[in-house]
Amino acid sequence: MTLVLDCATARAVCGVVGDGRELAFASSEGGHAAQRALVLIDEVLARGACEARDIAQIVVGCGPGSFTGLRIGIATARGLALALDRPCVGVSTLEALAAGAPGCVALVDARRGELFALDARGSAVVELPEDVAGRLQRGTLCVGDGAQRYRSLLEAAGAVVPPDDDARHAPGAEALSRLAGGAPEPVYVRRPDAEPRVA
């Protein structure tokens, strides 16, 4: 079984996947969702009727996304992997979002009035919401917390943004597990919001 965790977006998610299918899933939203990572892990293990020793590997979403959420999620996954002596692998949060809604444009809120998105080569980039909206074709499905935040702008451009409670706005457990394979390192597309002052 694979334990998956992603804290890069406004909705922290955790799940257990076995034989390619989701056995248990839990999520948490709000300003401190990532801080509930360990609680989410306990919830999915209980729902999946499995114990930590049953986990063969741990997969963690590596962003881009919230700097704090990324650090909490990756540190939690690495720490658990170390304690259980299991491998820990990373996955792109944007790629997992896109895999959950084929043909969509996956958008993660980058704060500062910007969005994280995938370019034509599949690389994570930071863009202005107006630029994203300007290139969308009418009827394009947009998912992720970035799509939720800029719903009005995207819908005015003809895009389709599912209701806020739609599961496609967060990476799914099966997609995270299926796409895993990279190093569990954060994907930083730009410099952090808070930086130390130089005296």
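Up top you'll find the structure we're talking about.
Note that the structure is predicted; figures quoted are calculated from it, not measured. (Residues numbered from 1 in each chain as written. Predicted model: local features only at pLDDT ≥ 70, side-chain atom pairs only at ≥ 80, totals over all residues. Heavy atoms only, no water.)

K.L.:
Would you mind going over the nonpolar core with me for this structure?
P.N.:
As a rule of thumb, soluble globular proteins bury nonpolar side chains together. Core analysis: the biggest nonpolar cluster contains 24 residues, and L3, C14 and V44 have the highest contact counts within it. Listed by contribution, the elements that provide at least two residues to this core are β1 (2–6), β2 (11–18), β3 (21–29), α1 (37–47), β4 (57–61) and α2 (67–84). Here this core gets five residues from one element, more than from any other, and that element is α1. Setting aside its immediate chain neighbours within four residues, V44 contacts L3, C14, G15, V16, A24, F25 and A26. Formed by 13 residues, the second largest nonpolar core is a distinct cluster that contains A117, L136, C142 and V161. (Core = buried A, V, L, I, M, F, W, Y, C linked by side-chain atoms within 4.5 Å. Buried < 20%, exposed > 50% of the residue type's maximum accessible area, 1.4 Å probe, protein only. Helix = DSSP H or I, 4+ residues; strand = E, 2+ residues; numbered from the N terminus. Contact = heavy atoms within 4.5 Å.)

K.L.:
Help me understand the sheet that holds β3 in this model?
P.N.:
Remark on secondary structure: sheet strands pair via backbone hydrogen bonds, oriented parallel or antiparallel. Taken together, the five strands give an open sheet; going across it, the order is β3-β2-β1-β4-β5, and neighbouring strands pair in mixed fashion. What marks the edges here is a single partner per strand, and that holds for β3 and β5 (88–91). Direction aside, the axes of adjacent strands within the sheet are offset by 20 degrees on average. Pairing between β1 and β4: four bridges, direction parallel. (Pairing = 2+ DSSP bridges. Axes fitted to C-alpha atoms, helices over the stretch in contact; angles between N-to-C directions.)

K.L.:
I'm lost on the sheet that holds strand β7 (residues 108–109) in this one. Help?
P.N.:
Spatially, three strands are ordered β7-β8-β9 in an open sheet, and the strand pairing comes out antiparallel. Edge positions in the open sheet fall to β7 and β9 (124–127), since each of these has one partner strand only. Here four bridges tie strand β8 (residues 115–118) to β9, and the two strands are oriented antiparallel to one another. For F116, the partnering residue across the bridge sits in β9 and is V126.

K.L.:
How should I be thinking about the environment of G15 in this particular structure?
P.N.:
Within the element layout of this structure, G15 appears in strand β2. For the pair G15 and L107, spaced 92 residues apart in the sequence, the C-alpha separation amounts to 21 Å. When near neighbours in sequence (up to four residues on either side) are disregarded, G15 contacts T2, L3, V4, A24, F25, V44 and A173.

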